[in-house]
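Fold and geometry: a report
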Amino acid sequence: MTSKATAKKMYEYYTKQIDRLIEAQEALTSGGVKSYTLGDMQITRFDMSRLSKEIEKAVEMQSKYEAIMKGKPVRAMAAIVPTDK
């Protein structure tokens, strides 16, 4: 189980990561640059789908840690569909 203090740090990390990813996306879509470097990741306009997946992943992780900070359950709940047999 992740502590609230750790969850807060991870939430802040993913918030910054989302900002950097969106900045890269904006730079690439505006046509101002041909490639963008994030840490060890080199991104070009041809990698936009990869970049979108990275943003989605970061948003999911940010939401997970936000839920932990607020004391909400993290696991996704599945619906039970009754069937007649």
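You'll find the structure just up there.
Let me sum up the structure you'll find in this document. (Residues numbered from 1 in each chain as written. Predicted model: local features only at pLDDT ≥ 70, side-chain atom pairs only at ≥ 80, totals over all residues. Heavy atoms only, no water.)

Ranked by size, the top nonpolar core spans 17 residues in total, and within it Leu-21, Leu-28, Tyr-36, Leu-38, Ile-43 and Leu-51 carry the most contacts. Elements with a minimum of two residues in this core: helix 1 (4–30), strand 1 (35–38), strand 2 (41–44) and helix 2 (48–69). Looking at this core element by element, the count peaks at 7 residues for helix 1. Apart from residues lying up to four places away in sequence, Leu-51 is in contact with Leu-21, Ala-24, Gln-25, Leu-28 and Ile-43. (Core = buried A, V, L, I, M, F, W, Y, C linked by side-chain atoms within 4.5 Å. Buried < 20%, exposed > 50% of the residue type's maximum accessible area, 1.4 Å probe, protein only. Helix = DSSP H or I, 4+ residues; strand = E, 2+ residues; numbered from the N terminus. Contact = heavy atoms within 4.5 Å.)

Following both chains from N to C, one finds helix 1 and helix 2 inclined at 155 degrees, their axes separated by 8 Å at the closest point. With respect to their mutual orientation, helix 1 and helix 2 come out roughly antiparallel. Read as a crossing pair, helix 1 and helix 2 show a hand that is left-handed. Counted by class, the contact of helix 1 with helix 2 contains 18 nonpolar, 6 polar and 4 charged residues. (Axes fitted to C-alpha atoms, helices over the stretch in contact; angles between N-to-C directions. Parallel < 35°, antiparallel > 145°, perpendicular 65-115°, else oblique. Left-handed = near helix turned anticlockwise from the far one by under 90°. Nonpolar A, V, L, I, M, F, W, Y, C, P; charged D, E, K, R; others polar.)

Turning our eyes to something else, we now look at the pattern of salt bridges. Throughout the structure, instances matching the rule amount to 1 salt bridge. Ionic pairing is found between Glu-66 and Lys-70, a salt bridge with its closest N-O pair at 3.4 Å. (Salt bridge = Lys/Arg side-chain N within 4 Å of Asp/Glu carboxyl O.)

In an α-helix, one turn spans 3.6 residues, which is why side chains three or four residues apart end up on the same side. With 27 residues, helix 1 should reach 39 Å at 1.5 Å per residue; the first-to-last C-alpha distance of 38 Å fits that figure. Here helix 1 has its buried residues at Ala-7, Tyr-14, Gln-17, Ile-18, Leu-21, Ala-24, Ala-27 and Leu-28. A positive backbone phi angle near 85 degrees is found at Gly-31, which sits one or two residues after helix 1. (Expected span 1.5 Å × (residues − 1).)

We now examine the pairing of strand 1. Where burial is concerned, the two faces of strand 1 differ: the one with Tyr-36 and Leu-38 is buried and the one with Ser-35 and Thr-37 is not. Bridge count for strand 1 against strand 2 is 4 bridges, and the pairing is antiparallel. Of the residues in strand 2, the one forming a bridge with Thr-37 is Gln-42. Adjacent in sequence and paired antiparallel, strand 1 and strand 2 are bridged by 2 residues, among which Gly-39 carries a positive phi angle near 60 degrees. (Pairing = 2+ DSSP bridges.)

Summarising the element assignment, Ser-3 is placed in the segment before helix 1. Classification of Ser-3 by relative accessible area gives partly exposed; the value is 39%. Separated by 32 residues in the primary sequence, Ser-3 and Ser-35 have C-alpha atoms spaced 38 Å apart.

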